[in-house]
2 protein chains.
Amino acid sequence: MCDEPLRDRLVRVGVELLEQEGLPALTLREIARRAGVSHGAPRRYFPTHLELLSAIARAGFAQLEVAVRPRPGDGPRAQLATLARGYLAFARANPGMFALMFRHDLLASGHLGLRETSLPLFDRLVDLVAGVGTRSAAPPRVVAGALWANLHGIAQLGGWGSLQLATGEDDPEPLVSAALDAYVRG
Amino acid sequence: MCDEPLRDRLVRVGVELLEQEGLPALTLREIARRAGVSHGAPRRYFPTHLELLSAIARAGFAQLEVAVRPRPGDGPRAQLATLARGYLAFARANPGMFALMFRHDLLASGHLGLRETSLPLFDRLVDLVAGVGTRSAAPPRVVAGALWANLHGIAQLGGWGSLQLATGEDDPEPLVSAALDAYVRG
DNA sequence: TGACGCTGTAGACAGTGTCTACCTACTACT
DNA sequence: AGTAGTAGGTAGACACTGTCTACAGCGTCA
């Protein structure tokens, strides 16, 4: 039962460690320790710490993809709302993973798999925005970019309490509704 | 001419180092080296690395306040545009500083001076939003929060090229215009 | 003169990521 | 069957980090 490949085990242990202890605890040596191997072992599969973190982040993008998956039968507007609220809910439920996923200084930039997972997601957002119809003359791709940035900003600023402090509102939901209302037709 | 207090010199050297070498280079020991003192000296003024980084970030917020200062004689709409574009321009011109300012895990949370500088700035945004008039029924404070999150998301995602990759547009200006149009009256 | 703070030095410590030499078990070939 | 080769993991060194503690130089004031 212990025949799980070390490569997979390292990523799995990393995800767990990230959930339990947060991003600063996600050191190469601690991951190796929890996986029950020496600190040099990960090097066999991940030449550098960044590559291991990138693999963990890629697992996070896969989780995110599930979190924003539309429910069957929903129209474009409902799918868009699901995507937006799913994005925020994911960031709220997995703060460490969300922080890692967008810490580009920690990730091997251009790493295969990261852009592969996130770009199709954005394309889906573009399609939904185009399907619902925008309020501005800008092309759907630009509106989708602005909307994504808006959701991401809410997640980011909300994640460390800045938005709560500024607006006096603890729930990010009004902001999400405002963003959706601002960009797409009701 | 060398009578600049070490405390100020450390912050100044830190700001320069951040501009020149980026956030990862901003170690306590390197700052001390460039300030020409031993690595233990900063401890006299900043008990921990986080406190020194917080002081540097506070200098950054002061710079930001200047960057978004409205031009005299402008109406609320123009002031709002100046604030939005100034925020983006600052993030673009000072990527390292911008990254530090919002790396809450690196900053001493609740550090005096950080919230003191950023909250009045947000209040100004609220006033401008209220002055111009919003497109939604949400209170100005919520709209201002959503708009801030939007600008911040554009700055963040644009900073590492994700938005350019997604939208195919290199200039964030269309996104800023879209955000302003989406939230406030033209 | 002598005690006392203030300011900075120097070294130790545990922890990190990376690198290199080695060791072992298994595979494949002659 | 015997042996060479290799994949997979170990162990230790290295330079670097932030923190801590003991100590030295210096001015001030009683």
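Above this text you will find the structure in question.
This structure is a prediction, so every number in the text was calculated from the model and none was measured. (Residues numbered from 1 in each chain as written. Chains lettered and ligands numbered in written order. Predicted model: local features only at pLDDT ≥ 70, side-chain atom pairs only at ≥ 80, totals over all residues. Heavy atoms only, no water.)

Asks: Hey, could you run me through the overall build of chain A in this one?
Replies: A count of helical and extended segments in chain A gives 9 helices and 0 strands. Helices and strands in chain A line up, N terminus first, as α-α-α-α-α-α-α-α-α. Dimensions of chain A along its principal axes, counting C-alpha atoms only, are 55 × 35 × 30 Å. Every one of the 186 residues in chain A was classed for burial, and the buried ones make up 48%. (Helix = DSSP H or I, 4+ residues; strand = E, 2+ residues; numbered from the N terminus. Buried < 20%, exposed > 50% of the residue type's maximum accessible area, 1.4 Å probe, protein only.)

Asks: Help me understand the relation of the copies chain A and chain B, please; the structure alone is not making it clear to me.
Replies: Each copy of the chain is related to the other by a rotation around an axis and a translation along that axis. For these two chains of identical sequence, chain A goes onto chain B by a turn of 180 degrees and a shift of 0.0 Å along the axis, with RMSD 0.0 Å. Within this description, the copies of the chain are treated as partners about a two-fold rotation axis. The share of interface residues of chain A whose copies in chain B are also at the interface is 100%, consistent with both copies meeting through the same surface. (Least-squares fit on C-alpha atoms with pLDDT ≥ 70 in both. Contact = heavy atoms within 4.5 Å.)

Asks: Before we go on, may I ask you to explain the pattern of salt bridges in this structure?
Replies: Once their charged atoms are close, side chains differing in charge can pair, the charge on each being opposite to the other. All names here are of chain B. The tally for this structure, following the rule as stated, stands at 24 salt bridges over all chains. Notably, a salt bridge pairs Glu-4 with Arg-12, separated by 2.9 Å at the nearest N-O pair. Look at Arg-12 and you get partly exposed, because its relative accessible area is 36%. Two residues, Arg-34 and Glu-30, come together in a salt bridge whose shortest N-O distance is 3.2 Å. Of this pair, Arg-34 and Glu-30 are both found in helix α2 (residues 28-35), 4 residues apart, which corresponds to roughly one turn of the helix. The exposure class of Arg-34 is partly exposed, given its relative accessible area of 37%. (Salt bridge = Lys/Arg side-chain N within 4 Å of Asp/Glu carboxyl O.)

Asks: How should the protein's contact with DNA strand C be read in this particular structure?
Replies: Taken together, 16 residues form the shell around DNA strand C, and within it Arg-29 and Arg-43 of chain A together with Ser-38, Arg-44 and Tyr-45 of chain B come nearest. If you look at DNA strand C and keep only atoms within 4 Å of the protein, 50% of those are sugar or phosphate atoms. At 3.5 Å from a base oxygen of DNA strand C is found a side-chain nitrogen or oxygen belonging to His-39 of chain A. In terms of residue count, helix α2 (residues 28-35) of chain A provides more of the surface near DNA strand C than any other element does, 3 residues in total. Residue composition of the surface near DNA strand C, grouped by class: 5 nonpolar, 7 polar and 4 charged. (Near = heavy atom within 4 Å. Polar contact = N/O pair within 3.5 Å; in protein donor to acceptor, adjacent residues only side chain to side chain. Nonpolar A, V, L, I, M, F, W, Y, C, P; charged D, E, K, R; others polar.)

Asks: Would you mind going over the interface of chain A and chain B with me for this structure?
Replies: It is common to report an interface's size as the accessible area lost on association of the parts. Tallying the contact residues gives 31 residues for chain A and 31 residues for chain B. A buried area of about 2,900 Å², summed over both sides, lies between chain A and chain B, and 72% of it is on carbon and sulfur atoms. At the junction of chain A with chain B, the criterion picks out 0 salt bridges. Here chain A and chain B share 5 residue pairs in polar contact (both at pLDDT 80 or more) between them. Within the residue set of the side of chain A that touches chain B, elements represented by two or more residues are α6 (114-132), α7 (140-159), α8 (162-167) and α9 (173-183) of chain A. (Buried area = accessible area lost by both parts, 1.4 Å probe.)

Asks: Would you mind showing me how to read the protein's contact with DNA strand D here?
Replies: As a structural note, the neighbourhood of DNA strand D is formed by 16 residues, with Ser-38, Arg-44 and Tyr-45 of chain A together with Arg-29 and Arg-43 of chain B the closest of them. Within 4 Å of the protein, the contacting atoms of DNA strand D are 50% sugar and phosphate, with bases supplying the remainder. With 3 residues, α2 of chain B is the largest single contributor of residues to the surface near DNA strand D. Of the residues that constitute the surface near DNA strand D, the class distribution is 5 nonpolar, 7 polar and 4 charged.

Asks: Honestly, helix α7 (residues 140-159) of chain B in this entry has me stumped. Any pointers?
Replies: Note that an α-helix has 3.6 residues per turn; residues three or four places apart therefore point the same way. Residues and elements named next belong to chain B. Here α7 contains 20 residues, and its C-alpha end-to-end distance of 28 Å stays within 8% of the 28 Å for a straight helix at 1.5 Å per residue. Along α7, 17 of the 20 residues are buried, which leaves the element largely enclosed by surrounding structure. Directly beyond the C-terminal end of α7, a positive phi value near 85 degrees is found at Gly-161. (Expected span 1.5 Å × (residues − 1).)

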